[in-house]
Amino acid sequence: MVRYWYCALMARAAPIISVGIVLAEGNVTDQSGNMFGDSPLVLPVGGPLYLQLKRWIEDAIKRGTIKPGDALPSERDLALRADVSRVTVRKAVQQLVQDGVLVQRHGSGTFVAAQTPRVEQSLSQLTSFTEDMARRGMSVRAEWLDRGVYAASPEETVILGLSSGEQVARIARLRLTGDMPLAIERASLSASVLPEPTEIGDSLYKYLDRFGVRPVRAIQRIRAANIAEADAHLLQVPVGSAGLHIERISYLATGRVIELTRSIYRGDTYDFVAELRLGDPSAGAKP
Ligand code: 16G
């Protein structure tokens, strides 16, 4: 089979460099058959070469030309195909791995990462993880990382309003939809509310509801976080990827704090959405 490379400078509104391989039969493809489909590799113009290649790979994934699980050609192959140096390819691939777009498996190569569903969560409703997922028709499951009754830390004692010496129930769960981890949630509740943490089943809020202690109000703080090694491993994302650190302190109608939960959500799967309304401009104004 005769193959040859071509590079074409095409002048439209903006010049575009196109690079591809052409089979003797006239098809443009690659050895794996699907990486380039039947159109030439067209690097977008502008910025450093490694960013052009990175953008091209991202676009190809968005278009569906390259699918989750597909293997990337070797560094050498890509360098040839894009007519760039191997250092350029390495830089583009490294960034895509860091962004979680590609995954590298030791000994087997680089692959397009599994696509992550994006989940929208309203910031104005006090819902549970189980309810949020059910509303979207998504399956939900938890892997237990910890559940037990412990001596409360000074911070837990203050936040949960415990009397001295009172114990806490701690539950830590990896929350998943199917095989896709979405978040790690670590909750502390007074042991008087949750004496047997092994009994909560699938949903903490369902359990609390059964005993008439489901929270009715919560304060939630969200901040950006780079996911540390142990959590990154559980969430199946590269160490240091973007995440959301969320702290929820929930209250009963009586004003008693019922739950302190600190969670780390994958930044690539969650959108927190708040509805904003025009406020009274005089509210908050100094007298
Ligand atoms: C949500 C809450 C979490 C609560 C959990 C109960 C956030 C950031 N966190 O994930 O505080 O403990 O729901 O879910 O929204 P469950 O009833 O499914 O166990």
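I will try to describe carefully the structure that is included in this document. Since the model is a prediction, treat every value here as computed from it, not as a measurement.

Section: the site of the ligand
Taken together, 14 residues lie around the ligand, and Ser128, Phe129, Thr130, Ser203 and Thr261 are the ones closest in. Those elements that provide at least two residues to the shell around the ligand are helix H4 (129-135), strand S9 (180-190), helix H6 (204-210), strand S11 (242-251) and strand S12 (257-266). Class assignment for the residues of the shell around the ligand results in five nonpolar, five polar and four charged.

Points about the sheet that holds strand S10 (residues 217-226)
If you walk across this open sheet you meet the six strands as S7-S8-S9-S12-S11-S10, and the pairing is antiparallel. Looking at the sheet topology across the chains shown, the edges are occupied by strand S7 (141-151) and S10. Sheet twist, expressed as the average angle between the axes of neighbouring strands with direction ignored, equals 15 degrees. Direction of pairing for S9 relative to S12: antiparallel, over a ladder of six bridges. Its bridge partner being in S12, Ile184 is matched across the sheet by Ile264.

Some words on unusual backbone geometry
Positive phi, normally seen in glycine, also occurs at Asp83, with a value near 55 degrees. Mapping Asp83 onto the fold places it in the loop between helix H2 (75-82) and helix H3 (86-98). Asp83 gets classed as partly exposed once you count the C-beta atoms within 10 Å, which come to 15. Backbone geometry places Gln236, a non-glycine residue, at a positive phi of 60 degrees. Position of Gln236 relative to the elements: it lies in the loop between helix H7 (229-235) and S11.

Observations regarding the packing of helix H1 (residues 49-63) against H3
Each pair of packed helices can be described by the angle between their axes along with the distance between the axes. The N-to-C vectors of H1 and H3 enclose an angle of 50 degrees; their axes lie 8 Å apart at closest approach. Comparing their axes, H3 and H1 come out oblique. When you trace H1 past H3, the crossing you get is right-handed. Along the contact surface, H1 presents Leu49, Tyr50, Leu53, Lys54 and Ile57, while H3 presents Thr88, Val89, Lys91, Ala92, Gln95 and Leu96. In the contact of H1 with H3, the residues fall into seven nonpolar, two polar and two charged.

A look at the nonpolar core
Among the nonpolar cores identified, the biggest contains 15 residues, and Val168, Ala169, Ile171, Ala187, Leu189 and Leu204 are the most heavily contacted of them. Of all the elements in the fold, those that place two or more residues in this core are strand S8 (167-177), S9, H6 and S12. Per-element tally for this core: the top contributor is S8, with four residues. Among residues more than four places away in sequence, those in contact with Ile171 are Asp146, Arg147, Ala187, Pro197, Ile200 and Leu204. Among the nonpolar cores identified, the runner-up in size contains 14 residues, and Ile66, Val93, Leu102 and Ala113 belong to it.

Procedures and definitions
Along each chain, numbering runs from 1 in the same order as the chain's sequence is written. Where local features are concerned, this predicted model is filtered to residues with pLDDT of at least 70; where side-chain atom pairs are given and counted, the filter is 80 or more; whole-chain, interface and lining totals use all residues. To decide nearness, the C-beta atom of each residue is placed from the backbone, and the residue is near a molecule or strand if that atom lies within 6 Å of it. For the purposes of this entry, the term helix denotes a DSSP run of H or I that reaches at least four residues, the term strand denotes a run of E that reaches at least two, and both are numbered from the N terminus. Three classes are used, and their members are as follows: Ala, Val, Leu, Ile, Met, Phe, Trp, Tyr, Cys and Pro are nonpolar, Asp, Glu, Lys and Arg are charged, and the others, Gly among them, are polar. The pairing criterion is simple: DSSP has to find at least two bridges between the two strands. In this analysis an axis means a line fitted to C-alpha atoms, helices contributing only their contacting stretch, and an angle means the value between N-to-C directions, from 0 to 180 degrees. Any residue with 12 or fewer other C-beta atoms within 10 Å of its own C-beta is exposed, any with 20 or more is buried, and the rest are partly exposed; the C-beta atoms used are placed from the backbone. Angle categories are assigned with fixed cut-offs, so that under 35 degrees is roughly parallel, over 145 is roughly antiparallel, 65 to 115 is roughly perpendicular, and the rest are oblique. Each crossing gets its handedness from the near helix: less than a right angle anticlockwise from the far helix is left-handed, clockwise is right-handed. For every residue pair, C-beta atoms are placed from the backbone, and the pair is scored as a contact if these atoms sit within 7 Å. Nonpolar cores are built from buried Ala, Val, Leu, Ile, Met, Phe, Trp, Tyr and Cys residues. These are joined into a set through C-beta atoms within 7 Å.

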